[in-house]
Amino acid sequence: MDTYHFLPSRDLEHASSYTPLPDSPETRHEPDPDRSKTNRRPIKIVSSVLLATLIFSFVIFLLVNPNVQQVVRKKVSKNSNGEDHNKASKSPEMLGPPSRGVSQGVSEKSFRQATAEPSYPWTNDMLSWQRTSFHFQPQENWMNDPNGPLFHMGWYHLFYQYNPDSAIWGNITWGHAISRDLINWLHLPFAMQPDQWYDINGVWTGSATILPDGKIVMLYTGDTDDLVQVQNLAYPANLSDPLLLDWIKYPDNPVMFPPPGIGSTDFRDPTTAWIGPDGKWRITIGSKVNKTGISLMYKTTDFITYELLDNLLHAVPGTGMWECVDFYPVSVTGSNGLDTSVNGPGVKHVLKSSLDDDRHDYYALGTYDPINDKWTPDNPELDVGIGLRLDYGKYYASKTFYDQDKERRLLWGWIGESDNESTDLLKGWASVQSIPRTVVFDKKTGTNILQWPVKEVESLRSRSYEINDVELKPGSLVPLKISSAAQLDIVASFEVDEEAFKGTYEADASYNCTASEGAAGRGILGPFGILVLADDPLSELTPVYFYIAKGVDGNAKTYFCADQSRSSTASDVDKEVYGSDVPVLPGESLSMRLLVDHSIVESFAQGGRTVITSRVYPTRAIYSAARVFLFNNATGVSVTASVKAWQMASATLKPFPFDQL
Amino acid sequence: MLINLSFIILLLVLSPCSLLVKAQHQTNSLILDTCKKTPNYALCVSTLRSNPHSSTADVAGLGLILVGAVKAKSTAGLKTISELSRANPALKKRLSQCMEDYKMILSAFIPEAEQAIGGDPKFAEDGMNGIADVTAQCVKSLQGVRAPLPSTNKLVHDLSLVTVSIIRTML
């Protein structure tokens, strides 16, 4: 039986019956019958006034609720032939919610819309190929945000949001793993599970603070039994345990509740703490007020009681909820990382936020005033959430920490899947972490940070391949003799023919990676770059490329894009072209570095000025069928390319061998 | 005097009705405004109205009601598939894809949405998108099958997309 109804007929009829129609019995109400004979005219006046009043109310009702008419029509059309006339859902543009935030420069396709296409018939071979070989991921199931990264007694620790029961989000627990080198990992038992009323609905994201005396303090968000977001304190049971196996939740948790004026579900992801001039610790927590993203400031001396400051660290209208706020200093003059509490001349502060609305990570450089606990962006037009992104691809909930051992600031980022959740359930896992990146201030531009894969990843480089000064004329495609092309570290540089470049006066004055046709969209000065995870007939290919646009004034702007549009014959995967413009200074050649690891490609331009992470799911360009090509699809300029590539060995990821202790 | 009195009485008798109309409109204005932003206004309104809690729910509450409606329709869908499989052994193989899809909806996507909607709505959005995806693949596999399943399936599909769009307003 067809169980589908439009508006239940009852409601509509009741709605109209609330307003009595002119000929309904109520309007015929007669006053005292004894008077009727002698007072007919006054009664008529009364009746007509009442009638007018009723008609007036009915008209008002209709005016205020015009959809009544629309709904009535639909109901009628359904009844006439019993078919489902659900026209609204048939129009293509109604398949998904309207996109938002374009006016703030946010990508049109910034969230994944459900496809109308059936799922691709994924085979076990295709799905098992997708698992990465040198990126961090648990053995199975769902992972999201990296949590509380720290270095302790010779080991790097990573905690992460994890679902022990499924390959989709839920039952969030803190997974735990350790490493000597950020590349090879040992899985440990869960650090924290949702077992208290204040985190029973999820042990959510948090950060670690290492105190001057070596103590470790972990602050994390708990989702309570009432679905309120609170902040909780936890610390290692045994600080002299290098594995930090056991964690104690402070008995009087929570230590912070949502303050007045802040929604109970808009209060999460506390940062690492830093010390201010008054000797007190400060932390910041992202939130929102209406559509303004904000960062709340708290002071504490003992990590148990907190004082909410009147002022916010910062706020940016129109950016929505700020998740996973990160706040840290970078040296303007040196090349090392800085402890989170450092401030002074020669230091800028990065404020970063993950925007819930579009699931992208944004950052801005600015100055932190520790007396007033306020941060001001260097360029308000490129403020947090409306300016630079940390990564222009699939990348979220990132978090840095200060590696006191090697004096560097390291960045972790959650790389989710861009295939269907149903495929994730089939393959039994979802998400990886990025290769950790060092973060330094870009002294050359003064307006960026530079991210670069940690040097330790180079320990996986094995067989190398090199080709220098290859001239790529317009339209060329050069295969590179690289085998085992699913695990690669590629460094490439490109020089554009100077004469031809100078001779071109205007070449697509504006360009946008996402709005473009990707590598197939030929321009005078681009695209050119590398094809990875491509098969011989190029039925599948993932181009990572540069595209130069030149305005009438002769000023050139360079774009760096990663193109998924033809990355797979499967239709149920993300096919966006990711990317952004990248600053290129006079005298610099165009350079890119790619880390290819099965279904993930991390792409770095100009030493990490612009970074793009992609998840790619080929069905044919897998195993021994994967190839690498150099290409130049520009129409008006030749490009000289040099490439050095290494096959990457697999990292070792395994459970800690407790039985061998 | 008596006429004036009866006039007043009549107005008093009748005005609660127009107040009622107004009151009902005010109660439902959140539903109407919220549903206007979805891809299927009529389906959104009818589903919410048929639940008595909707008149006092906030947006999160409306989202939860819709998740419940998707769950109920999906449960009915799974039941239909099981019955059809039993009644028509020849159809059983063709229905196996949809069987798996609906099991996935009820065992994975609905719990994800229920857990996330009150806390971190973007994951509820993922779950609902997951439902829209698998119902789309169920549709394809059902071409030519005469049964109540296609319309139930379409209902689950469309309702899940309505829910996605309401969840987006909660972000």
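Residues numbered from 1 in each chain as written. Chains lettered and ligands numbered in written order. Predicted model: local features only at pLDDT ≥ 70, side-chain atom pairs only at ≥ 80, totals over all residues. Heavy atoms only, no water.

Per an unreviewed UniProt entry, chain B goes by Pectinesterase inhibitor domain-containing protein and derives from Daucus carota subsp. sativus. Under the UniProt heading Sequence similarities (unreviewed entry), the entry covering chain B gives this text: "Belongs to the PMEI family." (UniProt positions renumbered as here; feature names shortened; annotations may be inferred.)

Under an unreviewed UniProt entry, the name given to chain A is beta-fructofuranosidase, and the source organism is Daucus carota subsp. sativus. Reading the Subcellular location (unreviewed entry) entry of the UniProt record for chain A gives the comment "Vacuole lumen".

Some remarks on the overall build of chain B
The helix and strand inventory of chain B stands at six helices and zero strands. Going from N to C terminus, chain B has its helices and strands arranged as α-α-α-α-α-α. Here chain B, with 171 residues, has 55% of them falling under the buried criterion. Here the contacts in chain B between residues at least 6 apart in sequence split such that 69% fall between residues at least 24 apart. Accessible surface computed for chain B: about 6900 Å², of which carbon and sulfur atoms make up 62%. (Helix = DSSP H or I, 4+ residues; strand = E, 2+ residues; numbered from the N terminus. Buried < 20%, exposed > 50% of the residue type's maximum accessible area, 1.4 Å probe, protein only. Contact = heavy atoms within 4.5 Å. Areas by Shrake-Rupley, 256 points an atom, 1.4 Å probe, with all protein chains shown as cover.)

Remarks on the UniProt feature "domain: Glycosyl hydrolase family 32 N-terminal" (unreviewed entry) in chain A
Per the UniProt record, the feature "domain: Glycosyl hydrolase family 32 N-terminal" (unreviewed entry) sits at residues 135-453 of chain A. Here residues 135-453 of chain A is 2% helix and 48% strand, with 11 Å between the C-alpha atoms at its ends.

Looking at the pattern of salt bridges
Evaluated as defined, the whole model comprises 40 salt bridges over all chains. One continuous salt-bridge network, built from bridges that share partners, spans Arg-268, Glu-323 and Asp-356 of chain A together with Asp-120 and Lys-122 of chain B. (Salt bridge = Lys/Arg side-chain N within 4 Å of Asp/Glu carboxyl O.)

Observations concerning the environment of Pro-317 of chain A
Residue and element names in this part refer to chain A. Its place among the elements puts Pro-317 in the loop between β13 (314-316) and β14 (322-331). Separated by 126 residues in sequence, Pro-317 and Ala-191 place their C-alpha atoms 37 Å apart. Contact partners of Pro-317, with chain neighbours within four places excluded, come to Lys-291 and Thr-292.

Quick notes on the state of the cysteines
In a disulfide, the sulfur atoms of two cysteines are covalently bonded to one another. All names here are of chain B. On inspection of all chains with the given rule, the structure shows three disulfides over all chains. Two residues share a disulfide in this structure: Cys-98 and Cys-138, whose sulfurs sit 2.1 Å from each other. For the disulfide bridge between Cys-98 and Cys-138, the dihedral angle about the S-S bond is near 110°, and by the sign convention the bridge is right-handed. Taken together, the positions of Cys-98 in helix α4 (residues 89-117) and Cys-138 in helix α5 (residues 121-141) put the pair 40 residues apart, joining distant regions of the chain. The pair Cys-98 / Cys-138 is uniform in exposure class, with both members buried. If the cysteines joined by disulfides in chain B are listed in sequence order, their pairing comes out as 1-2, 3-4. (Disulfide = S-S within 2.5 Å.)

Let's talk about the side chain of Glu-540 of chain A
All names here are of chain A. Tracing the backbone shows Glu-540 in the loop between β27 (528-534) and β28 (542-550). Buried and unpaired, Glu-540 has no salt bridge, with Arg-620 as the nearest side chain of opposite charge at 5.1 Å. From its side chain, Glu-540 meets the backbone nitrogen of Arg-620 in a polar contact 2.7 Å long. (Lys, Arg positive; Asp, Glu negative; His and termini not counted. Polar contact = N/O pair within 3.5 Å; in protein donor to acceptor, adjacent residues only side chain to side chain.)

Concerning the environment of Ala-562 of chain A
All names here are of chain A. Looking at the secondary structure, you find Ala-562 in strand β29 (residues 556-563). We classify Ala-562 as buried; its relative accessible area is 0%. In this structure, the C-alpha to C-alpha distance between Ala-562 and Ser-580, residues 18 residues apart in sequence, is 9.5 Å. If near-sequence neighbours (up to four positions away) are discounted, Ala-562 is found in contact with Pro-543, Val-544, Glu-576, Val-577, Tyr-578, Ile-612 and Ser-614.

Side note on the packing of aromatic side chains
For the structure shown, the criterion picks out 32 aromatic pairs over all chains. Taking the centre distance of 5.8 Å and the plane angle of 90° together, the rings of Trp-142 of chain A and Phe-123 of chain B count as edge-to-face. Of this pair, Trp-142 of chain A sits in strand β1 (residues 141-152) while Phe-123 of chain B is found in helix α5, placing the two residues in two different chains. On the accessibility criterion, Trp-142 of chain A (5% relative accessible area) is buried. For Phe-123 of chain B, a relative accessible area of 1% puts it in the buried group. In textbook terms, an aromatic cluster arises when at least three aromatic residues are bridged by ring pairs, as seen for Phe-136, Tyr-160, Tyr-162, Trp-185, Phe-190 and Trp-412 of chain A. The ring centre of Trp-429 of chain A lies 5.3 Å from the NZ or CZ of Arg-131 of chain A, which sits over that ring. Over the aromatic face of Trp-155 of chain A sits the side chain of Arg-180 of chain A, whose NZ or CZ is 4.1 Å from the ring centroid. (Phe/Tyr/Trp six-rings, centres within 6.5 Å; stacked < 30°, edge-to-face > 60°. Lys NZ or Arg CZ within 6 Å of the ring centre and 35° of its normal.)

Details of the sheet that holds strand β31 (residues 590-597) of chain A
All names here are of chain A. One open sheet accounts for six strands, arranged β24-β35-β26-β31-β32-β33; its pairing is antiparallel. This sheet does not close on itself; its edge strands, each paired only once, are β24 (461-472) and β33 (610-615). The mean inter-strand angle of the sheet, taken between neighbouring strand axes irrespective of direction, is 15°. Bridge count between strand β26 (residues 487-496) and β31: eight bridges; the pairing is antiparallel. (Pairing = 2+ DSSP bridges. Axes fitted to C-alpha atoms, helices over the stretch in contact; angles between N-to-C directions.)

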